[in-house]
Each structure stands twice: as C-alpha cells, then as structure tokens.
Amino acid sequence: MKRIIKDRLPAELQKVLQDVNADVKDMGYRAYLVGGVVRDVLLGNRIEDLDIVVEGDAVEAARIIGGKYGSAVKVHNRFKTATATIGQRWKADFITAREEIYAAPGALPDIRPSSLYNDLFRRDFTINTLAVSLDDYTLIDYFRGLEDIKDRKLRVLHDKSFIDDPTRIFRCLRFETQLRFEIETKTKSLLVEAIDAGFPLLLSIDRLSNEFERLFAANEFGRIFLRMHELGILEQLFDTEYSIDNVCELLKNAPVRGCERKTYIALTLFDSIDSKLLGLILHKYKKYYEQLSCLRRKRQDIWRNHGSEKLDFSELYELFKSVDMAVIKFLMTVEDEAFQKCAKEYCEKVVRFPMHISGEDLKALGFEPGPDLGEMLERAKKLILKNRIEGKDDQIEYLRSMVKGSGEQWDRA
Ligand code: ATP
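The shown structure was predicted, so the numbers you read here are calculated from the model rather than taken from an experiment.

Things to note about the site of the ligand
Part 1 of the reasoning: All residues adjacent to the ligand are G35, G36, D51, R123, D124, N128, D165, T167, R168 and R171.
Part 2 of the reasoning: Examining the composition of the shell around the ligand, we find that three residues originate from one element, helix α8 (residues 167–178), more than from any other.
Part 3 of the reasoning: Classifying every residue of the shell around the ligand by side-chain character gives no nonpolar, four polar and six charged.

Below, the structure is given as structure tokens:
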C-alpha cells in the first residue's frame, strides 16, 4: 500500500512532501496527509488541494514551510489552521490535530488540540478519515475507511454526526453523486431523520451559502438538486411551490465550468423558486438577477414600441451593455426565439464590433474635456454602431462630419 500511494503522487509533490516532513521533524512534530486527498489518491482521482494534519503547532509549521516557498500564509486562529502554497502549485491546509466539541447543533464547534486519532474521529465520513504518514507513507485507517472506499459506501462515524454539523447532509449528497458512492443503510436513516427533524434550517445563512457554492461547482448539480428535492430539503428551506422538472431541465444547459456556470445555476433557481431564504443564501448572485429583471422590463418596452422589428446595433448595445455575459448566456437558453436572436446578434456582432474611438479622439475633434465627455463618447459609439462605420479613419471622419452637422443626430443617439 505504501508503494501504491507514493507512486500515485506526482513526483514534484513527493519531493515537496519530503521537505515538509523534514521541516516538521526538525520542529519536533509529526505530519500526515489526510482526508479527501488520501481518498482521491486511492480512487485514482485527480488531486486538488492538500490537507496536512500536524501533531504539534500547525500554524508555526505553515509559517516556516510556507515562508521557504515564498508563499503568503493565511492563519485561521479559531481552528489553529493555516493555508499556504507549497511547491509550485499546491494549496495546503496545515491543521493542528484537534478534537471538536459541539455546543449546539448547526453552530461551529469549539476545538482543542488533540491526537491524530481524535482529529480523524471528528470527520464526516469514514472515506475521509484515512491518513498517510509523511515519514514513511504508512496508511493509517482507524475507522475502516479503506473498506468503505473499496465498497463505495458513505458511512458517518457516529449517530449524532448530521445533528452536530448539518452541513454534512449537503456534503453527503455531493459525495454520493460526484463519487457515485452509495449511502450505507444506517447512515441513510440518520440522514433522513436529521432532515425530517429540520436540522438544515439550523445552519447560518453563511454556512448554507458556502454549501450551495460548493454544490454549484459539483459537475452534476442537477442530480444533487433532484436528491435534495426527493429528500424534502428544498421544501423545508424554501417553503414554496416550484416545478422540479422545469428546474432540472434548465440545469441540464448549465455551462460546464467557470463563474458563468454558477451564475447560470443561481439564475435558474431565482427564476424558478420564489423564496426569501433563497435570496439570502444566494445574495452574491442577486445583482445578476436584478440585471435580468431590468433587461426583461426594457425588452418589454422595446417590443411594445417596435413590435418584433429587428433592432439595430446601437439599440442592441443599449439593451445589453450593462448586463453581465453570464446573464446573457442564461437568457439565450430560457427566453423566446426573438429574444434569443437579439442576444446572439449582440454577442456575435455588437460585442465584436471594432470600436476605435476614445475620449482623446473626441478632444482632438474639439470636445471640451470634463464630466460630459464620457456621455459624448457613449453617444459617439452608438452613432458608429447604428451606421456600422468600421475602421479608425472612417470612424473619426464620420464623427468629424457629425460635429460639423446640426447636432440633431447626437441628440438622438
Ligand atoms: P472535495 O473533493 O469536495 O474538496 P474533501 O473531502 O477534500 O472533498 P474538503 O471540504 O476540502 O472536502 O474537506 C477536507 C476534509 O476535511 C474532508 O475530507 C473531511 O475529512 C474534513 N471535513 C470537511 N468538512 C467537514 C465537516 N463538515 N465535518 C467533518 N469533517 C469535515
């Protein structure tokens, strides 16, 4: 097993871990790779971030080791942990081996430094309790995590797990879908009991936001969302009617990654579920929903005045210019065909239209510098777009002719 684990780590990481081990030993401590990273190594999955438990002072270790790599070190005093980048790219959490005491369900725990055993016992599922000694790559498996990984089973470590920390309910569904693991029978009934007793509602808005953010990043959010629906979590949180089929259908079109993905998912939920709590959990995305609503209002006005007549470039620019691309991408999948066409034309033609003029050009044409210049530049751009004047010289020449003209065109731009 030692050989298998070592060989599955990239060579550069092996070297970095060897150096980490030498440094912690000099400090009189011991260090272990733990949690998700060990699970992922055993599953043959890509390794992302590292969790290193230190039997000793992890903050001191992170400062010394991070310092050697020239990394900034971010310390979280409450949990006696610190984050640093080691080697070329490895984001590592250094964790002081600790135990956790839960004063109330849903609240953050109090902690005290403890043994590796207790640190592993505080974890969510057995598959995340494995540790690898950095000294000789020995696998430490106190809770039969290896067997559960082989059987692809999610199992909590004790009966109060979901009650102590209801974020584990969301983590459970995330792992179930992403790893394609099965929730073991007893764990399943503890999960259902915790949900039915309303424990998700005990989480603070911040903690719920964090969990949703992580769910949004999961590659099969639609399936997780459906599971949350089936288990009654959504009904409990949002207390409102929605069509699960519609939401799942829309979620199928979510971009695969990037911030556009998360914004798309958030807009889908905002558009389908009318809930105050949803607004609070997704507060980060509210500005996008405001843009969306504003755009829909503007569009109605335009349609009323124009009918379904084609909009010119300057009108498209005016309609979409203050709207984030992620919102436009969302609208391109949910709105009617006429609107989709407009959005497509804006993205493909207006955004890419070669605009060459600047405030300096306007000054050269005799415009006064000052607060009105920005407004004039905006009008100039719209005139150029309306008349599709391409090429820097032609754009300047066009504006010059406008300056000589009556000024009526400027007013209409
Ligand atoms: P992912 O691949 O989603 O990042 P992960 O297991 O690495 O999975 P993290 O959130 O990075 O997830 O957590 C690292 C480790 O910390 C976990 O493997 C687990 O051992 C522990 N952990 C994280 N959150 C909790 C929690 N709420 N309760 C108990 N243990 C937790």
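Looking at the sheet that holds strand β5 (residues 90–96)
Part 1 of the reasoning: Strand order in the open sheet formed by seven strands is β3-β4-β5-β2-β1-β8-β9, with mixed pairing between adjacent strands. Looking at the sheet topology across the chains shown, the edges are occupied by β3 (74–76) and β9 (139–140).
Part 2 of the reasoning: Bridge count between strand β1 (residues 30–34) and strand β8 (residues 131–133): three bridges; the pairing is antiparallel. Its bridge partner lying in β8, V34 is registered against A131.
Part 3 of the reasoning: Where helix α2 (residues 11–26) meets the sheet, it contacts β1, β2 (50–55), β4 (81–86) and β5, and its direction lies at approximately 145° from that of β1.
Part 4 of the reasoning: The sheet strands contacting helix α4 (residues 58–68) are β2, β3, β4 and β5, and the helix crosses β4 at an angle near 20°.

Observations concerning the domain arrangement of the chain
One frequently used descriptor of interface size is the decrease in accessible area upon assembly of the parts.
Part 1 of the reasoning: The domain architecture assigned to the chain consists of domain 1 (2–151), domain 2 (185–257 + 264–276), domain 3 (288–350) and domain 4 (359–412).
Part 2 of the reasoning: Relative placement of domain 2 and domain 3: their C-alpha centres are 29 Å apart.
Part 3 of the reasoning: The interface is formed by seven residues belonging to domain 2 together with nine residues belonging to domain 3.
Part 4 of the reasoning: Ranked by residue count, the leading element in the side of domain 2 that touches domain 3 is helix α14 (residues 259–272), at four residues.
Part 5 of the reasoning: Looking at the side of domain 2 that touches domain 3 residue by residue, the class counts come to six nonpolar, one polar and no charged.

Observations concerning the packing of α2 against α4
Part 1 of the reasoning: Their axes nearest at 10 Å, the elements α2 and α4 cross at an angle of 130°. For the element pair α2 / α4, the angle class is oblique. Considering how the two elements wind past one another, α2 and α4 form a crossing that is right-handed. Across from V20, D23 and V24 in α2, the residues of α4 making contact are A61, I64 and I65.
Part 2 of the reasoning: Split into classes, the residues belonging to the contact of α2 with α4 amount to five nonpolar, no polar and one charged.

Reading the values: rules and limits
- Residues numbered from 1 in each chain as written.
- Predicted model: local features only at pLDDT ≥ 70, side-chain atom pairs only at ≥ 80, totals over all residues.
- Near = placed C-beta within 6 Å.
- Helix = DSSP H or I, 4+ residues; strand = E, 2+ residues; numbered from the N terminus.
- Nonpolar A, V, L, I, M, F, W, Y, C, P; charged D, E, K, R; others polar.
- Pairing = 2+ DSSP bridges.
- Contact = placed C-beta atoms within 7 Å.
- Axes fitted to C-alpha atoms, helices over the stretch in contact; angles between N-to-C directions.
- Domains from an automatic or database assignment.
- Parallel < 35°, antiparallel > 145°, perpendicular 65-115°, else oblique.
- Left-handed = near helix turned anticlockwise from the far one by under 90°.

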